[in-house]
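The chain contents come next:
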Amino acid sequence: MTTLTHRARRAEVGRNLDKKPNSEEDAAADRDLNDDDPDDSKDIRLTLMEEVLLLGLKDKEGYTSFWNDCISSGLRGGILIELALRGRICLEPLSMRKKRLLERKVLLKSDAPTGDVLLDETLRHIKATESAETVQTWIELLTGETWNPFKLQYQLRNVRERIAKALVEKGILTTEKQNFLLFDMTTHPVSNATEKQRLVKKLQESMLERWVNDPHRMDRRTLALLVLAHSSDVLENVLASLADDKYDVAMNRTKDLLDMDPEVEAAKAKGTEMIWAVLAAFNKS
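Throughout what follows, the structure given in this document is the object of discussion. Computed from a predicted structure; not experimentally measured.

Re unusual backbone geometry
- Unlike most non-glycine residues, N158 shows phi in positive territory, near 55°.
- Inspection of the secondary structure puts N158 in the loop between α5 (135-143) and α6 (159-169).
- Judged by relative accessible area, which is 58%, N158 ranks as exposed.
- Phi is positive for D233, which is not a glycine, with a value near 60°.
- On the secondary structure map, D233 appears in the loop between α8 (220-231) and α9 (235-239).
- According to the relative accessible area criterion, D233 is partly exposed, its value standing at 47%.

Now the structure itself:
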């Protein structure tokens, strides 16, 4: 499993901003989220975590690669980005002492429920902390990678299984039992291949036909998904079906995007700060 090392100083800051958005503002943020990607299916709305897991699952077998030790941390990073895009959390403002993304704490903007159990559980954890933590530390805590026994309570458990069950409820996956000699395992094969193909096609087009060569002109959710797919080691699944020449173009463009300086890019657009902070955290791992 990818290990994110805690480097931030333990300085106490307030968890909440002075002003919280009211319920109308939360609802508006959720509506903006739905309108962010004009190509999104109008029938099925997926969270970033659901999209990452769907890209990582083997269609027929219904489980992720046993060699993938990155997806657990990647899913936790997706939770933080999803909450930020929904207007529930943000990074503390820049200051003379804290200029870098990985030094700035995660602040609670609103604890209004999102309707997603994992997102709402994470919101409760963020609200319950005595002192605010950085993005890097939150990924560690949510993954359970901490030496502090008093902070093990913040670990999100059975995340893949819970996300898979949500995809089952949305009609994209199904549930089966498979026998692996010494043990039985619940698997979730893809039952709605159309939705996964739509997702793969959207990402492929974002790197080819619809390439904009500027992350700030890119749809925020698409940018976030590219970052998370790379960090979760599932991007190869997206590109595998491309012809060799298109594969090389897409891979080179993605590499150029992910090699950008998160500090510089985050300063250009406030709405993408959490995306670049998550990328910075994984670059440090």
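A few points about the packing of helix α3 (residues 71-85) against α8
- Contact geometry of α3 with α8 gives a least axis separation of 10 Å together with a crossing angle of 165°. Our classification of the angle between α3 and α8 gives roughly antiparallel. Crossing of α3 over α8 shows right-handed handedness. Taking contact as the criterion, the partners of G74, G77, G78, I81, E82 and L85 in α3 are, on α8, R220, R221, A224 and L228.

Thresholds applied
- Residues numbered from 1 in each chain as written.
- Predicted model: local features only at pLDDT ≥ 70, side-chain atom pairs only at ≥ 80, totals over all residues.
- Heavy atoms only, no water.
- Helix = DSSP H or I, 4+ residues; strand = E, 2+ residues; numbered from the N terminus.
- Buried < 20%, exposed > 50% of the residue type's maximum accessible area, 1.4 Å probe, protein only.
- Axes fitted to C-alpha atoms, helices over the stretch in contact; angles between N-to-C directions.
- Parallel < 35°, antiparallel > 145°, perpendicular 65-115°, else oblique.
- Left-handed = near helix turned anticlockwise from the far one by under 90°.
- Contact = heavy atoms within 4.5 Å.

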